[in-house]
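Notes for the structure review
Next come the chains, spelled out residue by residue.
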Amino acid sequence: MTSKWCAWSSSSAWSTFDTQVQRRKWKLKLIEELQARSTAEPVSLPTDPFTLNDLEYRRVKVRGYFDHSKELYILPRTMVDADREARDAGRLSSSGESGANVITPFYCTDLGIRILVNRGFVPKNKVRPETRQKGQITDEIELVGLVRLTENRRPFMPHNNEEKNNWYYRDVDAMSRVVETEPIFIDSDMSSTIPGGPIGGQTRVTLRNEHMQYIITWYGLCAATTYLWYAKFVRRLPF
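So, here's what we can say about the structure.

About the criteria used
Residues numbered from 1 in each chain as written. Predicted model: local features only at pLDDT ≥ 70, side-chain atom pairs only at ≥ 80, totals over all residues. Heavy atoms only, no water. Helix = DSSP H or I, 4+ residues; strand = E, 2+ residues; numbered from the N terminus. Buried < 20%, exposed > 50% of the residue type's maximum accessible area, 1.4 Å probe, protein only. Contact = heavy atoms within 4.5 Å. Areas by Shrake-Rupley, 256 points an atom, 1.4 Å probe, with all protein chains shown as cover. Core = buried A, V, L, I, M, F, W, Y, C linked by side-chain atoms within 4.5 Å. Polar contact = N/O pair within 3.5 Å; in protein donor to acceptor, adjacent residues only side chain to side chain. Phe/Tyr/Trp six-rings, centres within 6.5 Å; stacked < 30°, edge-to-face > 60°. Lys NZ or Arg CZ within 6 Å of the ring centre and 35° of its normal.

**Some points on the overall build of the protein**
The helix and strand tally for the protein stands at five helices and seven strands. Listed N to C, the secondary structure of the protein is α-β-α-β-β-α-β-β-β-α-β-α in terms of helices and strands. With 239 residues in all, the protein has 38% of them scored as buried. The long-range share in the protein, meaning contacts at least 24 apart out of those at least 6 apart in sequence, stands at 66%. Total accessible area on the protein stands at roughly 14400 Å², and carbon and sulfur atoms take up 54% of it.

**Things to note about the nonpolar core**
By size, the foremost hydrophobic cluster in this structure holds 17 residues, and its most contacted members are Leu45, Val62, Phe106, Ile115, Leu143 and Ile186. Core analysis: the second largest hydrophobic core is formed by 10 residues, Ile74, Ala174, Met175 and Phe185 among them.

**Re the environment of threonine 131**
Mapped onto the secondary structure, threonine 131 falls in the loop between β5 (113–123) and β6 (141–148). The spatial distance from the C-alpha of threonine 131 to the C-alpha of glycine 196 is 9.6 Å, given a sequence separation of 65 residues. If near-sequence neighbours (up to four positions away) are discounted, threonine 131 is found in contact with Asn125 and Lys126. A polar contact is formed between the side chain of threonine 131 and the backbone oxygen of arginine 128, at a distance of 2.6 Å.

**Let's talk about the packing of aromatic side chains**
Applying the stated criterion across every chain yields a total of two aromatic pairs. Taking the centre distance of 5.5 Å and the plane angle of 45° together, the rings of tyrosine 65 and tyrosine 107 count as tilted. Within this pair, whereas tyrosine 65 is found in strand β2 (residues 59–66), its partner tyrosine 107 is found in strand β4 (residues 98–108), the two being separated by 42 residues in sequence. With a relative accessible area of 29%, tyrosine 107 lands in the partly exposed category. On the numbers, 5.0 Å between centres and 70° between planes, the contact of phenylalanine 66 with phenylalanine 106 is edge-to-face. Here phenylalanine 66 is found in strand β2, whereas its partner phenylalanine 106 is found in strand β4, with 40 residues between them in sequence. There is no split in this pair, since phenylalanine 66 and phenylalanine 106 are both buried. A cation over a ring is seen here: arginine 119 above phenylalanine 66, with NZ or CZ 4.7 Å from the ring centre.

So, in structure tokens, the structure goes:
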């Protein structure tokens, strides 16, 4: 063990520790910004794709009507319930009922385009449209939702099956191609829930943030390598 090696190890550890501190600050600020978007007053839906790319989680409003003949289903899903999820925190399994999110083409009468709307959650015994006819409204309505972009498929997650209409993750381009809409996707909020229909407000405004764990880990490594350098080359302790 040389002095240069110990000094380099300690310096590298402290550098990585500082990086994790800065990244945690950046992640917390980003989470705060996304939460602010999701609670801001809704704006009219822009149709420019470049504008939409910068507006994920932004609340928007649209007016029009649903095309219930071309529903898509993202499954399996459990209903977003902040109180239940707080109670289940730390459990190995969730107590939430399994079901699906219903994605329905929506014709925007004010914009003259068709978009995708995640109407919300239904339990598995209500996935088929004929089991929830009361909520299959045909009237023109105004709804509020959050802009969503395509999500990446997670490791070990099944691939979407377009033929069977089984969608496991949100692929906006593929979904819009199948039902012939613009590649625009919004999650309807709770206030847009139609009695007897899917339950809106199924958006989790979260980002993976494990930087505190990394900070603790690297702080421990920093302390260890600094002590080794001090003990070996300052106090000359035998190893």
